[in-house]
Amino acid sequence: MEKKGEPFETVCCFSKIKGSTVLITINEAKRLIKRALLSNVVSDKKDLAITPLISGKHGIGKSQMIKSVADDLGGVCITIEGGTLKEGEITGLPYQYRDGNGNVRFRFLPYYAVERVQNAQKRLFELSGKVSEDNALDGDENRYALEDVTPAQKLDMLKSGEIKPVIIFIDEINRTENAVYKELMNILLTRSVNGYRFPWWVLFAGAMNPSTQNSLYATNEMDPAQLDRFLKIKVSDNTKEWLNYGKQAGISPEILSFIKDNPKCLSNNDKELQDDEKPSPSPRGWDMVDTLLKSEPLVRDFFTEKENDPKTVEKDMKNLVSAKLGSSVATMFFASMVSQARAIMPEEIFADDENLSKLSKKIEQLSAAKKIQTCDLMLEYLKENIEFMMLSKKQFEMNKKQLSQLVRLLDSSARLLFAQKLSGTVSNDGNSLIEMLFDVFEKDLIDMLDLSDSTRKLIEES
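Notes on the structure in this doc start here.

What follows covers the overall build of the protein. Check the secondary structure of the protein and you find 19 helices and 10 strands. By residue count, 46% of the 462 residues in the protein fall in the buried class. Within the protein, contacts between residues at least 6 apart in sequence are counted, and of these 76% link residues at least 24 apart.

Here's what the structure looks like:
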């Protein structure tokens, strides 16, 4: 068992993440969502929030899962059915009133969910004994803000029940009218509405049906920039989980027995109902991953002993990273965490002799992921510097010998991958790297590459 506060990365052991699409069960997703939501409580990154976006076909229990997370945290879930909203309902309707000085002003009558949060925030503020201070920039809407508390104090308030968290869950966010969709997206991403900023104990989550090109659902499609602001978790039904749920819910034994014997009859698994959109890395995505990993040791009091088991934590972290950055990047990242050796920098390689006498053993001992990382670093270096390197013919010949030795020290798959990447890369000045460095590789390897006729002719003539 991990000790509380021990960083996740010190106990992580690498296991391969299979496939390019991470689909998880409802029970697993519930745990991941709770980790993601709690990471916002302990994070000190004011301009970065992690908002889970659950993607899955209809009827698999997405809404109930969020309500269960709220119950686990001792809070409440306010569900907003996005598909039933009309424009203006969520942001509120304007009304006219007179202020204390008799001046006519306009305000927005808040949607019931927002009003409930505002009332709770005012009550907590008054209980704290603080005095409201006027701040023209913050406006009246935020006069009861209570934000000057540390992450540790926030966790204590949640654990003691002094503050009961609120999860605002927006369901079917991509099955709304276009104007409503924009309003909901603004609330989710800015955590504010009409100048009112939600307090730290209000957490947000959304749900959507798959909206990819071949999907059967009538949906608004999110562009990559919008999706990048969410932590999209793809959820699938699971027969074993549903049977356990059915027993607890009192579903008739006849139905349970039939589904057990005919698991394919639980739901429609047509490809058109699945979310086949693949996540990809971004700077914001890495920032979210950093928040998730750092928060894990701090929020263990909100999980059971079984959920805090190192193997379960490891699986959860890999699923979260895969959901945000993609399985391939997650695989490489966790492999790098296990390997104590770092990748070799291009400058180190070119500072060695032509046989890489100092580095050969070190390169051979690198993990597969670190060897690929070494090659990627070399590619970037060559893109920026190869024309400069070619100014000295003698030195360039030396550099090519060093590269040849590097290639020989790679295993066959890494060698081929390096050659393939090199063949598709041009320098910053627009020159093909493979045309300048083809003699670094064996002829049989060059023959395996998908080169243009002109490039192959230039290589043959050389």
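All right, on to the side chain of Glu314 then. Here Glu314 is to be found in helix 10 (residues 310-325). Within the structure, the side chain of Glu314 is placed 2.6 Å from the side chain of Lys318, a separation counted as a polar contact.

To continue, consider the pattern of salt bridges. Scanning the model with the defined rule gives 19 salt bridges in all. Where Lys294 meets Asp290, a salt bridge forms, and the shortest distance between an N and an O atom there is 3.3 Å. One end of the pair is Lys294 and the other is Asp290, both in helix 9 (residues 283-295) and four residues apart, which spans about a single turn. For Asp290, a relative accessible area of 26% translates into the label partly exposed. In this structure, the salt-bridge partner of Lys401 is Glu354, at a minimum N-O distance of 4.0 Å. In this pair, Lys401 sits in helix 15 (residues 393-409) while Glu354 sits in the loop between helix 12 (346-351) and helix 13 (360-364), placing the two residues 47 residues apart along the sequence. You can call Lys401 partly exposed: its relative accessible area is 44%. Judged by its relative accessible area of 34%, Glu354 falls in the partly exposed class.

Bringing helix 1 (residues 26-42) into the picture now. In an α-helix, one turn spans 3.6 residues, which is why side chains three or four residues apart end up on the same side. Here helix 1 spans 25 Å end to end across 17 residues, near enough to the 24 Å set by a 1.5 Å rise per residue. Counting buried positions along helix 1 yields 15 of 17 residues, so the element is predominantly enclosed.

Among the secondary structure elements, Ile78 is positioned in strand 3 (residues 76-81). A residue is classified by how much of its surface remains accessible, and Ile78, at 5% relative accessible area, is buried. When the C-alpha atoms of Ile78 and Ile170 are compared, they prove to be 8.5 Å apart, with 92 residues separating the residues in sequence.

With that out of the way, let us pick up helix 5 (residues 178-190). Helix length check: helix 5 (13 residues) gives 18 Å between terminal C-alpha atoms against 18 Å at 1.5 Å per residue, within 8%. Tucked into the core, helix 5 has its buried residues touching strand 2 (51-55), strand 6 (166-171), strand 7 (192-193), strand 9 (202-208), helix 6 (224-227) and strand 10 (230-235). Directly after helix 5, the chain includes Arg191, whose backbone phi takes a positive value near 55°.

Below, the discussion takes up the nonpolar core. In summary, soluble globular proteins display a tendency toward joint burial of nonpolar side chains. With 76 residues, the main nonpolar core has Ile168, Ile173 and Phe198 as its most contacted residues. For Phe198, the contacting residues outside a window of four places in its chain are Val114, Val117, Ile168, Ile187, Arg191, Ser192, Val193 and Phe204. One finds Ile386, Leu403, Ala414 and Met436 within the second-largest nonpolar core, a separate group that totals 29 residues.

Another aspect to go through is the packing of helix 1 against helix 4 (residues 151-160). Across the interface, helix 1 lies against helix 4 with an axial gap of 8 Å and an inter-helix angle of 130°. In terms of orientation, helix 1 and helix 4 fall into the oblique class. On helix 4, the residues that touch Leu38, Val41 and Val42 of helix 1 are Pro151, Lys154, Leu155 and Leu158. Residue composition of the contact of helix 1 with helix 4, by class: six nonpolar, no polar and one charged.

Where helix 14 (residues 368-389) meets helix 15, the closest approach of the two axes is 13 Å, and the angle between their N-to-C directions is 165°. With respect to helix 15, the axis of helix 14 lies roughly antiparallel. Crossing of helix 14 against helix 15: the hand is left-handed. In this structure, helix 14 contributes Lys371, Met378, Leu382, Ile386 and Met389 to the contact, and helix 15 contributes Phe396, Asn399, Leu403, Leu406 and Leu409. For the contact of helix 14 with helix 15, the per-class residue count stands at eight nonpolar, one polar and one charged.

It is worth spelling out the packing of aromatic side chains at this point. Per the stated rule, a full pass over the model turns up five aromatic pairs. Taking the centre distance of 5.2 Å and the plane angle of 65° together, the rings of Phe333 and Phe334 count as edge-to-face. On the basis of relative accessible area, Phe334 is assigned to the buried category, the value being 0%. Every member of this aromatic cluster is reached through a ring pair, and the members are Trp286, Phe333 and Phe334. A cation over an aromatic ring shows up here: Lys34 above the ring of Phe303, its NZ or CZ 4.6 Å from the ring centre. Here Lys318 stacks its cationic end above the ring of Phe334, 5.8 Å away from the centre of that ring.

Here Glu172, not a glycine, exhibits a phi torsion of approximately 50°, which is positive. Inspection of the secondary structure assignment puts Glu172 in the loop between strand 6 and helix 5. For Leu356, which is not glycine, the phi torsion reads 50° and is therefore positive. The residue Leu356 is located in the loop between helix 12 and helix 13 in this model.

We now examine the environment of Val76. Structurally, Val76 can be placed in strand 3. Distance in space between the C-alpha atoms of Val76 and Val202 is 9.8 Å, their sequence separation being 126 residues.

Rules used throughout
- Residues numbered from 1 in each chain as written.
- Predicted model: local features only at pLDDT ≥ 70, side-chain atom pairs only at ≥ 80, totals over all residues.
- Heavy atoms only, no water.
- Helix = DSSP H or I, 4+ residues; strand = E, 2+ residues; numbered from the N terminus.
- Buried < 20%, exposed > 50% of the residue type's maximum accessible area, 1.4 Å probe, protein only.
- Contact = heavy atoms within 4.5 Å.
- Polar contact = N/O pair within 3.5 Å; in protein donor to acceptor, adjacent residues only side chain to side chain.
- Salt bridge = Lys/Arg side-chain N within 4 Å of Asp/Glu carboxyl O.
- Expected span 1.5 Å × (residues − 1).
- Core = buried A, V, L, I, M, F, W, Y, C linked by side-chain atoms within 4.5 Å.
- Axes fitted to C-alpha atoms, helices over the stretch in contact; angles between N-to-C directions.
- Parallel < 35°, antiparallel > 145°, perpendicular 65-115°, else oblique.
- Nonpolar A, V, L, I, M, F, W, Y, C, P; charged D, E, K, R; others polar.
- Left-handed = near helix turned anticlockwise from the far one by under 90°.
- Phe/Tyr/Trp six-rings, centres within 6.5 Å; stacked < 30°, edge-to-face > 60°.
- Lys NZ or Arg CZ within 6 Å of the ring centre and 35° of its normal.

What is shown is where atoms sit, not what they do.
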